[in-house]
Amino acid sequence: MALNYSSPSSSSPPLPAVLQSPMAGCTDLAYRRIARKFGCALAFCEMVKARAVIEGNERTRAMLVTDANDHPLGMQLLGRDPALLAEAARRIEARGADVIDLNLGCPVNKVVKEQCGSALLKEPDQVGRILDAMVAAVRVPVTIKMRTGFEEGDDERFLAVARTAQASGAAAITAHGRTRTQLYRGMSNHEAIRRVKEAVSIPVFGNGDIRGGEDAARMVRATGCDGVMVARGALGYPWIYEEVRAALSGGARPPKPRPPERAAVLAEHFELMRSLYGDVHACLRARRVAMWYICGVTGGAELRRRAGRIETPADVKVMVAELEARGPAESDAGEPAEAA
């Protein structure tokens, strides 16, 4: 499904896009390769700090590793200094970013204390200065991912941020339908996303609580948004991209994956991590990744406990074999990790 940043007044608008959200500790190159295999239209790296990009931080460079098949690719920056963000945007464009996103949604305390992420929702004018600088610095589209306010009742400011983003040249907005103070509690506010859509003429993508195709279709119907961004719902469930695309196009819902299919994708995901990180670090990462895939199977809770003790590739092989042999048990689903 093609992503379109052209004017929404086009006579033949595309089907709503399905995008993959940047998620801290999750959306590395291995994760993105799996997402693309299942039809993800635009994949994002993990969020990185603008200053760390400029300073050449080794961990930050690793988070931005990509390859020739990893496109279209979004990279997301965190910061508040316009000049710093503009320079960081130039550098990640040179590293292969096809879209550069400004994070206005991260709710964690250490980010908010630095007046970055969702704290910038309190400063529409500063958002404008940042975007003016970033848009002028690069040739690729600059977008924002925002929450629908810093706190409840923050209606005017989050809409002012959306309008300011459009005026400063942002190509699109992703609106997560929660305030900063909600963190990940409660349900995504479709009414607030609808208000963002009505406030601007650039594309708006809805985000929050999309666990399957019907969730996405419901959001599009309720908000009029141009597409959806999938976050936690895709952890261990890359089939969601096919499911959402089918729902948005009016097609039949694809069958749910059975344990052998989950096991096969987990095995593939682990091999991709081995190629990127080597055995030791791949196994450490596999402790978390395996838990994503162990959902909806008999004895899932026990398997997840064992996943937390993975130490060797042989442990992963055993885990994959046991997952493959399990029967479905839809009531035994684990809760994926939270995403920024």
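The sections below set out a description of the structure shown in this document. Keep in mind it's a predicted model, so treat the numbers as computed, not measured.

Procedures and definitions
Residues numbered from 1 in each chain as written. Predicted model: local features only at pLDDT ≥ 70, side-chain atom pairs only at ≥ 80, totals over all residues. Heavy atoms only, no water. Helix = DSSP H or I, 4+ residues; strand = E, 2+ residues; numbered from the N terminus. Rg over C-alpha atoms; globule rule 2.2 N^0.38 Å. Buried < 20%, exposed > 50% of the residue type's maximum accessible area, 1.4 Å probe, protein only. Contact = heavy atoms within 4.5 Å. Areas by Shrake-Rupley, 256 points an atom, 1.4 Å probe, with all protein chains shown as cover. Lys, Arg positive; Asp, Glu negative; His and termini not counted. Charge placed at Lys NZ, Arg CZ, Asp CG, Glu CD. Phe/Tyr/Trp six-rings, centres within 6.5 Å; stacked < 30°, edge-to-face > 60°. Lys NZ or Arg CZ within 6 Å of the ring centre and 35° of its normal. Polar contact = N/O pair within 3.5 Å; in protein donor to acceptor, adjacent residues only side chain to side chain. Core = buried A, V, L, I, M, F, W, Y, C linked by side-chain atoms within 4.5 Å. Pairing = 2+ DSSP bridges. Salt bridge = Lys/Arg side-chain N within 4 Å of Asp/Glu carboxyl O.

So, on to the overall build of the protein. If you tally the helices and strands in the protein, you get 13 helices and nine strands. Compactness check: the protein gives a C-alpha radius of gyration of 20 Å against a globular reference of 20 Å for 340 residues, within 12% of the reference. Expressed along its principal axes, the backbone C-alpha trace of the protein runs to roughly 55 × 45 × 35 Å. Evaluated residue by residue, the protein yields a buried proportion of 55% over its 340 residues. When contacts within the protein are restricted to residue pairs at least 6 apart in sequence, those whose partners lie at least 24 apart make up 69%. Total accessible area computed for the protein in this model is approximately 14,000 Å², and 51% of it derives from carbon and sulfur atoms. One way to put it: in the protein the 46 positive side-chain charges average out to a point 2 Å from where the 41 negative ones average out.

Let us look at the packing of aromatic side chains. Scanning the entire structure with this criterion turns up three aromatic pairs. Considering the side-chain rings of tyrosine 31 and tryptophan 292, the 5.9 Å spacing of their centres and the 85 degrees angle between planes classify their relative orientation as edge-to-face. Taken together, the positions of tyrosine 31 in helix α1 (residues 29–37) and tryptophan 292 in helix α11 (residues 259–293) put the pair 261 residues apart, joining distant regions of the chain. Just as tyrosine 31 is buried, tryptophan 292 falls in that class too. Pairwise contacts between aromatic rings join Phe38, Tyr237 and Trp239 into one cluster. One Lys or Arg, arginine 147, reaches over the ring of tyrosine 184 and ends 5.1 Å from the middle of that ring.

Along the chain, arginine 147 turns up in strand β6 (residues 142–147). Within the structure, arginine 147 has its side chain in polar contact with the backbone oxygen of glycine 105 (distance 2.9 Å). Only 2.8 Å separates the side chain of arginine 147 from the backbone oxygen of threonine 179, close enough to count as a polar contact. Beyond its immediate stretch of four places on either side in the chain, arginine 147 contacts Leu104, Gly105, Pro107, Ser118, Leu121, Phe158, His176, Arg178, Thr179, Arg180, Leu183 and Tyr184.

With 94 residues, the main nonpolar core has Leu77, Ile173 and Tyr241 as its most contacted residues. Sort the elements by how many residues they give to this core and α11 lands first, with 13 residues. Apart from the residues lying within four places of it in its own chain, the contact partners of leucine 77 are Val48, Ala50, Val53, Leu85, Ala88, Ala89, Ile92, Ile100, Asp101, Leu102, Asn103 and Met134. Counting residues in hydrophobic clusters, the runner-up holds nine residues, among them Ala17, Ala41, Leu42 and Phe205.

Considering the arrangement of structural elements, one finds valine 196 in helix α8 (residues 190–199). Separated by 29 residues in the primary sequence, valine 196 and cysteine 225 place their C-alpha atoms 9.0 Å from one another. If we ignore the near neighbours within four places in the chain, the residues touching valine 196 are Thr148, Phe158, Leu159, Ala162, Ile173, Ala175 and Val204.

Let's shift gears to α1. Two residues of an α-helix separated by three or four positions point the same way, owing to the 3.6 residues in each turn. For α1, the tally of buried residues reaches seven of nine residues, placing the bulk of the element in the interior. Elements in contact with the buried residues of α1: β1 (17–20), β2 (43–44), β4 (73–78), α10 (240–249) and α11. Remark: glycine 39 follows α1 within two positions and exhibits a positive phi of approximately 100 degrees.

A word on the pairing of β4. The element β4 is largely enclosed, with a buried count of six among its six residues. Pairing of β2 with β4 involves two bridges; the strand directions are parallel. Counterpart to alanine 43 in the pairing with β4 is leucine 73. In the sheet, strand β3 (residues 48–49) pairs with β4 via two bridges, with the strands oriented parallel. From the neighbouring strand, valine 48 faces β4, where its bridge partner is leucine 77. Note that β4 and strand β5 (residues 99–104) share four bridges and pair parallel. Paired with methionine 75 across the strands is isoleucine 100, a residue of β5.

This next bit is on the pattern of salt bridges. Pairing of side chains with opposite charge becomes possible as their charged atoms draw close. Summed over the entire model, instances satisfying the criterion amount to 22 salt bridges. Residues lysine 37 and glutamate 268 are paired through a salt bridge, measuring 2.7 Å at the closest nitrogen-oxygen approach. Of this pair, lysine 37 sits in helix α1 while glutamate 268 is found in helix α11, placing the two residues 231 residues apart along the sequence. Since its relative accessible area comes to 52%, lysine 37 is described here as exposed. Note on glutamate 268: relative accessible area 29%, which makes it partly exposed. When the shortest N-O distance is used, the salt bridge between glutamate 198 and arginine 194 registers 2.3 Å. With glutamate 198 and arginine 194 both in helix α8 and four residues apart, the pair spans about one turn of that helix. Residue arginine 194 is classed as partly exposed on the basis of its relative accessible area, which comes to 23%.

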